[in-house]
Amino acid sequence: MEKVAHRSHLGQLFLWLLMIVELSLFYSACSAEIPVRKILNLGDCNPHVRLQKSHHNVVIDNGLIEVTIENPSGHVTGIKYMGMDNVLECGNPNSNRGMETKHVKVIAHTDELVEISFTKNWDFRTDHGKTVPLNIDKRFIVRRGVPRVYMYGIFERQEDFPDAQMYQLRIVFKLKEDKFRFMAISDTRQGVMPRGEDRDNTRSQTLAFKEAVLMINPSNPQFRGEVDDKYQYSCENKDNKLHGWISDDDAVGFWIITPSNEFRTGGPHKQDLTSHVGPIALSMFVSTHYTGIDIDVTYKKGEAWRKAFGPVLIYLNSASSDDDCRKTLWNDAKRQLSEEIESWPYNFTRSEDLPHAGDRGEVCGQLLVRDRCVDEELMQAQSAFVGLAVPGNVGSWQTEGKGYQFWTETDYTGRFNIKNVRPGEYNLYAWVHGFIGDYKLDLNITIQPGNKVNLGTLIYDPPRNGHTLWEIGIPDRTAAEFFIPEPDPTFVNPLCLDAADKFRQYGLWDRYSDIYRHGDVVYTVGVSDYSRDWFFAHVLRNTGNITDLSTTTWQIKYNLQDVNEKGNYTLQLALAAASYAELQIRFNNLDAIQPCFTTTRIGYDNAVARHGIHGLYRLYSINIPGNRFIRGNNTIFLTQSRSHALFDAVMYDYIRLEGPAV
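Chains are numbered independently. Their residues run from 1 in the order of the written sequence. With the structure being a predicted model, the display of local features is reserved for residues of pLDDT at least 70 and the display and counting of side-chain atom pairs for 80 or more, all residues being used for whole-chain, interface and lining totals. Excluding hydrogens and water, the side-chain values take into account all heavy atoms of the structure.

For the protein chain, the name recorded in an unreviewed UniProt entry is rhamnogalacturonan endolyase, with Gossypium hirsutum as its organism. The heading Sequence similarities (unreviewed entry) in the UniProt record of the protein chain holds the text "Belongs to the polysaccharide lyase 4 family." UniProt positions are given in the numbering used here, feature names are shortened, and annotations may be inferred rather than shown by experiment. Taken directly from UniProt, the Catalytic activity (unreviewed entry) text for the protein chain runs: "Endotype eliminative cleavage of L-alpha-rhamnopyranosyl-(1->4)-alpha-D-galactopyranosyluronic acid bonds of rhamnogalacturonan I domains in ramified hairy regions of pectin leaving L-rhamnopyranose at the reducing end and 4-deoxy-4,5-unsaturated D-galactopyranosyluronic acid at the non-reducing end."

Next comes the structure, spelled out in structure tokens:
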């Protein structure tokens, strides 16, 4: 699907200067969910890869799958597999198939492999004001003896291209709805799904967030009373490697596999869409989901840019038709994912924009943590996330949207090895579970083909001004450890019943008004338990009138036996998400006209409405003069002061009060 919005200045006197675009670059379909059994043996059928070109289509056939691509638009219109003439929905109109190309070129054609390229170069004379200013090269690869289609895109902007904002770049597949009904995203999130028509207003009720619907009269009565929302099936980049659909009637699985996340934006924790009712399967390249416009999606005239997205692959598998075929297909898809990751980077792609293994480098080292208020000795940064991204400020990898990123986790000693890094210039970033803040190495790292950079021992000094007086939560960049209520029984999605996915249930924000109907959160240090007494999101109070939402003020009560009135205390405030919110903080005087601190208006991530347990991470180190405190009982007031819309909210990651520096 392509949506392009334009702005003009002074009527017709000026040309279009800005394009805001959402691109779906490869048309396909969605899939259904799977479990596992015995995969059919297709290895005896291993003919050469064949290619046929006509004025209307390009057909690639390896005896296992047959892929039809419209010529010259580059739209995938057919995938034939295991007696299914087409796993894709044929009725999807061209207007809903994304960017079209104009030229086709055979890059490689051997007995073992076909790689074909569909291209379009943006032309100011014919395209200005009509299409996004972007050169496009869509590549498809079919190899011998395997039921897979590899796809990648190379996108380029030249310096003289006008300004543009590209909010979404993605591959979208719409599968045959009468076939693919079972969706699988993970071991716990999989099941039979409603039909696309069940989301129509004749069969469902649109809820407070427009993507969420309550099934009222679905085609299958088993879905009556269930909620469906595509954001309930989101996944973090680091885990978003496999998802798809199953056709029970044919015992066939359709899977999107992503062996590397290097092309994805926003780092390993950015969340994005996977599969959803349609049936739809997506591979998201770029999006503002769970970040909003804080992520960099603006491309200015004078800024040349080129990037390869992918490869991702469509993997089709089949099993004997029995009660276990879903399990068999899902487990086989996971096996195939492991095989693809082991084979990365691929040695069969023909574009210089995808360096092979010998043309890449690696970076290794060890990360230690120094926080003498926790331990006098250096601590090993166990299971820390360490990554390379475009040079920028501390933590800028979260909102970086144009370059490549390479991430890994440290072992129990804090050692890391980032492999298969594309040549280029990077900064090294990290964050450590259990410690606030972000690490950045003050050194630009240049990766050249075949080289290995050993950084030795690196030391992270997390923000700290004094000893901990009290703390709430765990510094892990999410609100997952706080109180997540049971969902309203009238708004349940069965795919989110697992404890780890409980936060994905619809309407949890309204449970706050039910549970705290007589007053807001009051947390007493040393008495309260944050897993029971600290609501996972600081939301507004729903009074029943959507135009009359009430701001909420939470209290933290604590006792100080001694106060250093001449010293400075520090409140370390880490936020896991923020959406059109303003958090104001007052000490011991709720009626003070001016707060002691305000975040001002922050955030566009919409994590509450989109069922995410976090959005973008923010840390505030707030200095408080000692004369703000009193000996004995003290109270901190936290007010979310914006109430323009239902989902104005923040999520907390961690709060800590530190005494004066010693």
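What follows deals with the side chain of Asp332. Helix numbers and strand numbers start at the N terminus; a helix is a DSSP run of H or I with at least 4 residues, a strand a run of E with at least 2. With respect to the helices and strands, the residue Asp332 is situated in helix H2 (residues 325–343). A relative accessible area of 9% means that Asp332 is categorised as buried. For the purposes of these results, a polar contact is taken to be a pair of N or O atoms within 3.5 Å, where, inside protein, one atom must be able to donate a hydrogen and its partner to accept one; residues adjacent in sequence count only when each atom of the pair is a side-chain atom. Here the side chain of Asp332 touches Tyr315 through a polar contact of 2.6 Å, side chain to side chain. Within the structure, Asp332 has its side chain in polar contact with the side chain of Asn317 (distance 3.0 Å). Each residue is placed in one exposure class: buried if its accessible area under a 1.4 Å probe, protein chains only, is under 20% of its type's maximum, exposed if it is over 50%, and partly exposed if it falls in between.

Expected span of a helix: the number of residues minus one, times 1.5 Å. With 19 residues, H2 should reach 27 Å at 1.5 Å per residue; the first-to-last C-alpha distance of 27 Å fits that figure. If you check which residues of H2 are buried, you get Cys325, Thr328, Leu329, Trp330, Asp332, Ala333, Gln336, Leu337 and Glu340.

Okay, the environment of Lys53 next. Of note, Lys53 is situated in strand S3 (residues 50–53). Since its relative accessible area comes to 48%, Lys53 is described here as partly exposed. On a C-alpha basis, the gap between Lys53 and Thr68 in space is 9.9 Å, while along the polypeptide they are 15 residues apart. Any two residues whose heavy atoms approach within 4.5 Å at even a single point are treated as in contact. The contacts of Lys53, once residues within four sequence positions are left out, are Val58, Val104 and Val106.

Sheet strands pair by backbone hydrogen bonding; their relative direction is either parallel or antiparallel. By this definition, two strands are paired if DSSP reports at least two bridges between them. Here we have three strands laid out as an open sheet, ordered S14-S15-S16, and antiparallel in their pairing. Taken across any chain shown, the strands that pair with only one partner, and hence form the sheet edges, are strand S14 (204–206) and strand S16 (227–228). Inspection of the sheet shows S14 paired to strand S15 (residues 213–215) by three bridges, in the antiparallel sense. Within S15, the position partnered with Ser204 by the bridge is Met215.

The next point concerns the nonpolar core. To define a nonpolar core, start from buried Ala, Val, Leu, Ile, Met, Phe, Trp, Tyr and Cys residues and group those joined through side-chain atoms within 4.5 Å. One finds Trp534, Leu571, Leu638, Tyr652 and Ile655 to be the most contacted residues of the largest nonpolar core, which totals 68 residues. Residue contributions to this core peak at eight residues, all from strand S37 (residues 568–581). Core analysis: the next-biggest nonpolar cluster, separate from the first, contains 53 residues, Val114, Ile171, Trp245 and Val286 among them.

Below, the discussion takes up the packing of aromatic side chains. Pairing of aromatic side chains requires ring centres within 6.5 Å, counting the rings of Phe and Tyr and the six-membered ring of Trp. Pairs whose planes differ by under 30 degrees are stacked, by over 60 edge-to-face, and all others tilted. A complete count under the given rule lists 42 aromatic pairs for this structure. On the numbers, 5.2 Å between centres and 80 degrees between planes, the contact of Trp344 with Tyr346 is edge-to-face. The burial state of Trp344 is the same as that of Tyr346; both residues are buried. Measuring from ring centre to ring centre gives 5.4 Å for Phe491 and Tyr506, while their planes differ by 65 degrees; the resulting arrangement is edge-to-face. Linking Phe491 in the loop between strand S34 (468–473) and helix H3 (508–515) with Tyr506 in the loop between S34 and H3, this pair joins segments that are 15 residues apart in sequence. Tyr506 gets classed as buried once you look at its relative accessible area, which sits at 5%. Among the aromatic residues, ring-to-ring pairing joins Phe482, Phe483, Tyr512, Tyr516, Tyr523, Tyr530, Trp534, Phe535, Phe536, Trp554 and Tyr652 into one connected group.

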